[in-house]
Amino acid sequence: MKLDPFYLIVDSAAWIGRLVPLGVKLVQLRIKDMDAARLRGEIREAKAICARFGCQLILNDHWRLAIEEGCDFIHLGQEDLAAADISTIRRAGLKVGLSTHDNIELETAVFREPDYVALGPIYPTILKQMKWAPQGLEQITKWKKRVAPCPLVVIGGLNPDRLPGVFEHGADCAAVVTDIIRNANPEARTREWLDATAPWR
């Protein structure tokens, strides 16, 4: 499986409506705290936008809703993986991406035979407090050797200037949250990311 090299992560369908029409082809809807009815509405809106613009939607965590709403891709963190019914997810035909931060988590992920593995944080990140130190570029190369041919997504502290380094060290895809949604001009920054990832598309 091949992923677009630019992997946008946002927390609302409104963001998807703003940024996907610019040419984004891979986006994750990551909503942590919301009641099921509102979340279902967000998923439906995000799905409709992504279908209109030919963008792959990945839903974070909410695998039961993903199945019920006809999504085709789910991303799970390690805690969510432990509680998820992977057999049910697979029977429903969903692809699965898994987060990893250390070797134990990597082994857990590889055992599950995911459709991609994510590694982070590569650089210091302000998105959330993490107990893991920045992984650095050399770790990307090690992880890629372990997961190949499965795609490797990298995340954490990335910006357009850092993209050549992560791709040259073996990443297939670079994920971004704060560098875009906290930018003074998210649309312009999204275009910068699209241009910067174009050589690996």
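You'll find the structure just up there.
Residues numbered from 1 in each chain as written. Predicted model: local features only at pLDDT ≥ 70, side-chain atom pairs only at ≥ 80, totals over all residues. Heavy atoms only, no water.

Caption draft 1: Quick peek at unusual backbone geometry. For the bond running from Gly 120 to Pro 121, omega is -10 degrees, close enough to zero to count as cis. Looking at the element boundaries, Pro 121 is found in the loop between β6 (116-119) and α7 (137-147). With a phi angle near 75 degrees, Asp 61 is a residue other than glycine that sits in the positive phi range. With respect to the helices and strands, the residue Asp 61 is situated in the loop between β3 (56-60) and α3 (63-68). (Helix = DSSP H or I, 4+ residues; strand = E, 2+ residues; numbered from the N terminus.)

Caption draft 2: The packing of aromatic side chains, seen in detail. For the structure shown, the criterion picks out four aromatic pairs. Centroid distance Phe 73 to Tyr 116: 5.7 Å. Interplanar angle 40 degrees. Geometry classified as tilted. One end of the pair, Phe 73, is in strand β4 (residues 73-76); the other, Tyr 116, is in strand β6, and 43 residues separate them in sequence. A residue is classified by how much of its surface remains accessible, and Phe 73, at 2% relative accessible area, is buried. Clustering of aromatic rings is evident, with ring pairs tying together Tyr 7, Phe 73 and Tyr 116. (Phe/Tyr/Trp six-rings, centres within 6.5 Å; stacked < 30°, edge-to-face > 60°. Buried < 20%, exposed > 50% of the residue type's maximum accessible area, 1.4 Å probe, protein only.)

Caption draft 3: Inspection of the sheet that holds strand β5 (residues 95-100) at higher detail. An order of β1-β2-β3-β4-β5-β6-β7-β8 is seen for the eight strands of this closed barrel, with the pairing classed as parallel. The sheet shows a mean angle of 25 degrees between the axes of neighbouring strands, taken without regard to direction. Looking at chain direction, β3 and β4 are connected through two bridges and run parallel. Each bridged residue has a counterpart across the sheet, and for Leu 59 the counterpart in β4 is Ile 74. (Pairing = 2+ DSSP bridges. Axes fitted to C-alpha atoms, helices over the stretch in contact; angles between N-to-C directions.)

Caption draft 4: Representation of the nonpolar core. In terms of nonpolar packing, the biggest core is built from 55 residues, with Ile 16, Val 27 and Leu 76 touching the most fellow members. Those residues in contact with Val 27, other than ones at most four positions away along the chain, are Tyr 7, Leu 8, Val 10, Ile 16, Val 20, Cys 50, Cys 55, Gln 56, Leu 57 and Ile 58. Formed by twelve residues, the second largest nonpolar core is a distinct cluster that contains Ile 9, Ile 58, Phe 73 and Val 177. (Core = buried A, V, L, I, M, F, W, Y, C linked by side-chain atoms within 4.5 Å. Contact = heavy atoms within 4.5 Å.)

Caption draft 5: Seen up close, the packing of helix α6 (residues 103-111) against α7. The contact between α6 and α7 brings their axes to 11 Å, and the two run at 25 degrees. On the basis of their axis angle, the class for α6 and α7 is roughly parallel. Remark: the crossing between α6 and α7 carries right-handed chirality. Residues Asn 103, Leu 106, Glu 107 and Val 110 of α6 form the contact with α7, whose participating residues are Trp 143, Arg 146 and Val 147. The class makeup of the residues in the contact of α6 with α7 is four nonpolar, one polar and two charged. (Parallel < 35°, antiparallel > 145°, perpendicular 65-115°, else oblique. Left-handed = near helix turned anticlockwise from the far one by under 90°. Nonpolar A, V, L, I, M, F, W, Y, C, P; charged D, E, K, R; others polar.)

Keep in mind these numbers describe shape, not what the thing actually does.
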